[in-house]
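Working through the structure, step by step
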Amino acid sequence: MASVRELIDKLEKNRHLDREEWQEVLTGYTEDDRRYAADKARAVSLGIYGNKVFIRGIVEFSNICKNDCYYCGIRRSNSEAQRYRLTADEILECCEEGYGLGFRTFVLQSGEDRGFSTQLLCETVRRIKAEYPDCAVTLSVGELETDEYRALRAAGADRYLLRHETADKAHYGKLHPVEMSWDNRMRCLGDLKKLGYQTGAGIMVGSPYQTAECIAEDMLFFERFRPEMIGIGPFLPHKDTPFRDREKGSYELTLFLLSLCRLLLPNVLLPATTALGTIRPDGREQGILSGANVIMPNLSPEAVRRKYMLYDNKVGTDTEAKKSVDEIRKRMAAIGYEVVVTRGDYNDKACDIR
Ligand code: SAM
């Protein structure tokens, strides 16, 4: 079997590894290998997106959720969570503030809250697109019916984030109660792609029961599915969930996977996630230096921010939007990157930097 370095070179050249090769990379890598991959991934990202970092303003408009995912702080059974739902007007106010701060993408995220109907969400999307025609709208509201995705797309939604969580069906079953189905999650992702959304999939690194085999399966899934966006962050425990005593995910492995995703799908939009910034104070900078090119600061009203607690100690819940954007601009400048005022769409131009 080739060394990990040789496999990283092969991935860069062929944008493909087979299952055994992924497993070798994931079980055999050293810190030097990780840095080697980060350098390559950073060069690929610079070749396609330059030293530009795209920002997305995330509006967490409801923490009410019908699902009971074992890892998630806003799961239905968490009676400690103080539930809230913003109105469409309040969401529009967040966009207004965000627009002034330079955001040209708004991400509307929530639990699976049937009280905020798809019809109301369509109206909200239409209002945002009418008010800010130069902005993209990304939705991240979970699993819906095909017709609902179609209606939201017709209303003007451009992108959709739906992490697949794990490409291993048995692993999925250990993270979710029986009423949730891996097949349905995959059906949703297929629908989103077919409907023309820029589609985001992704995983938590170090989720309970995750093995190198699971992650190898995730990488094979990314290669097949070709998402325009990949959300990867460490699993972090939440004190009021069944996984409260589980180990958090590995920071280094998260960075390594960001780099491997950049090498696998060079053009992919890759956020340095809030969870990465939570696990380490400079996690998002290191994410960018490992090949990520997107940051998603919080635009939710301050009164509700602390209530959208997916995991303990989530970063940015005490900072107002303006301050956190200013801080991100400074932090990016310090590592030689520039936060830009643009929609930051997927760049599907052929990558010919090699
Ligand atoms: N309800 C929508 C959905 O299911 O896609 C969007 C909201 S959901 C809370 C967004 C993502 O948060 C999930 O896909 C999951 O990967 C992540 N997440 C939830 N709990 C987490 C935890 N304890 N640690 C890290 N990430 C977590």
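Everything here concerns the structure above.
Described below are features of the structure shown in this document. Think of each chain on its own: its residues are numbered from 1, step by step along the sequence as written. The predicted nature of this model means local features are confined to residues of pLDDT at least 70 and side-chain atom pairs, given and counted, to a pLDDT of 80 or more, with totals for whole chains, interfaces and linings taken over all residues. Side-chain figures throughout are based on the complete set of non-hydrogen atoms in the structure, without hydrogens or water.

Brief notes about the side chain of Ser300
- The way it works is that DSSP assigns letters per residue, a run of H or I at least four long becomes a helix, a run of E at least two long becomes a strand, and they are numbered from the N terminus. Of note, Ser300 is situated in the loop between β8 (294-295) and α13 (302-305).
- Leaving out residues up to four positions away in the same chain, Ser300 has contacts with Ile58, Val59, Glu60, Cys94 and Arg305. By the convention used here, residues are in contact when the closest approach between their heavy atoms is within 4.5 Å.

Focus: the side chain of Thr105
- Mapping Thr105 onto the fold places it in strand β3 (residues 105-110).
- Residue burial is assigned from relative accessible area. The probe radius is 1.4 Å, only protein chains are included, and a residue is buried under 20% of its type maximum, exposed over 50%, and partly exposed in between. A relative accessible area of 0% places Thr105 in the buried class.
- Any pair of nitrogen or oxygen atoms within 3.5 Å is treated as a polar contact; in protein, a donor-acceptor pairing is required on top of that, and neighbouring residues in sequence qualify only through side-chain atoms on both sides. At 3.4 Å, the side chain of Thr105 and the side chain of Arg56 are in polar contact.
- Engagement of the side chain of Thr105 in a polar contact is seen with the side chain of Arg159, the distance being 3.0 Å.
- Beyond its immediate stretch of four places on either side in the chain, Thr105 contacts Ile55, Arg56, Gly57, Ala136, Thr138, Arg159 and Arg343.

Focus on the sheet that holds strand β1 (residues 52-55)
- Strands were regarded as paired on the criterion that DSSP finds at least two bridges between them. Spatial strand order, β8-β1-β9: three strands in an open sheet with parallel pairing. Each edge of the open sheet is held by one strand with a lone partner, namely β8 and β9 (338-340).
- With three bridges joining them, β1 and β9 adopt parallel strand pairing. Along β9, the bridge assignment pairs Lys52 with Glu338.

Focus on a negative patch on the surface
- Patches here: salt-bridge-free residues with over 30% relative accessible area, like charges joined within 9 Å, nonpolar side chains (Val, Leu, Ile, Met, Phe, Trp, Tyr) joined within 5 Å. Accessibility throughout is a Shrake-Rupley quantity obtained with a 1.4 Å probe, and a residue counts as covered only by protein chains that appear here. Note on definitions: salt bridges are taken to be side-chain nitrogens of Lys or Arg within 4 Å of carboxyl oxygens of Asp or Glu. Positive charges are assigned to Lys and Arg, negative charges to Asp and Glu, while His and the chain termini are left out of the count. Note that the charge is assigned to NZ on lysines, CZ on arginines, CG on aspartates and CD on glutamates. On the surface, a cluster of negative charge is contributed by Glu90, Glu93, Glu96, Glu97, Glu131, Glu302 and Glu320.
- Of note, Glu93 is situated in helix α4 (residues 88-101).

Description of helix α5 (residues 118-131)
- Its 14 residues give α5 an end-to-end C-alpha distance of 20 Å, which sits within 8% of 20 Å, the value for a rise of 1.5 Å per residue.
- If you check which residues of α5 are buried, you get Thr118, Leu121, Cys122, Thr124, Val125, Ile128 and Lys129. In a view along the axis of α5, the buried residues occupy a sector of 165°, so they form one face of it. Exposed side of α5, more than 90 degrees from the buried face: Gln119, Ala130 and Glu131 are the residues found there.
- In this structure, the buried residues of α5 make contact with β2 (57-62), α4, β3, β4 (136-140) and α6 (146-154). Multiply 1.5 Å by the residue count of a helix minus one, and that product is the helix's expected span. Arc, as used here, means the arc of the directions from the helix axis to the C-beta atoms.

Thoughts on the nonpolar core
- Phe222 and Leu257 are the most contacted members of the largest nonpolar core, which has 115 residues in total.
- With sequence-adjacent residues up to four places away left out, Phe222 is seen in contact with His164, Ala201, Gly202, Pro227, Ile230, Ile232, Cys261, Leu264 and Leu265. Here the nonpolar core consists of buried residues drawn from Ala, Val, Leu, Ile, Met, Phe, Trp, Tyr and Cys, with membership extended through side-chain atoms lying within 4.5 Å.

Structural notes on the site of the ligand
- Taken together, 18 residues lie near the ligand, and Tyr71, Ser110, Arg163, Glu165 and Leu236 sit nearest.
- At 2.5 Å from an oxygen atom of the ligand is found a side-chain nitrogen or oxygen belonging to Glu165.
- Within the backbone of Leu236, one N or O atom sits 2.7 Å away from a nitrogen atom of the ligand.
- For the ligand, whose free accessible area comes to 560 Å², the fraction covered by protein is 92%.
- Of the residues assigned to the shell around the ligand, the class counts are 10 nonpolar, five polar and three charged. For this purpose, a residue is taken to be near a molecule or strand whenever a single non-hydrogen atom of the residue falls within 4 Å of it. Polarity classes work like this: nonpolar for Ala, Val, Leu, Ile, Met, Phe, Trp, Tyr, Cys and Pro, charged for Asp, Glu, Lys and Arg, and polar for all others, with Gly in that last group.

A few points about the pattern of salt bridges
- Enumeration over the complete set of coordinates arrives at 34 salt bridges.
- For Lys193, the salt bridge identified is with Glu228, shortest N-O distance 3.4 Å. Of this pair, Lys193 sits in helix α8 (residues 182-194) while Glu228 sits in the loop between α9 (212-225) and β7 (229-234), placing them 35 residues apart in sequence.
- On the basis of relative accessible area, Lys193 is assigned to the partly exposed category, the value being 26%.
- Between Arg331 and Glu285 there is a salt bridge, with the nearest N and O atoms lying 3.0 Å from each other. With Arg331 in helix α14 (residues 321-334) and Glu285 in helix α12 (residues 283-289), this pair connects stretches of sequence that are 46 residues apart.
- Accessibility expressed as a relative area gives 10% for Glu285, which makes it buried.
- Salt bridges linked by common partners bring Lys129, Asp158, Arg159, Arg343 and Asp345 together as one network.

So far we have only geometry, and geometry alone does not tell us how the molecule works.
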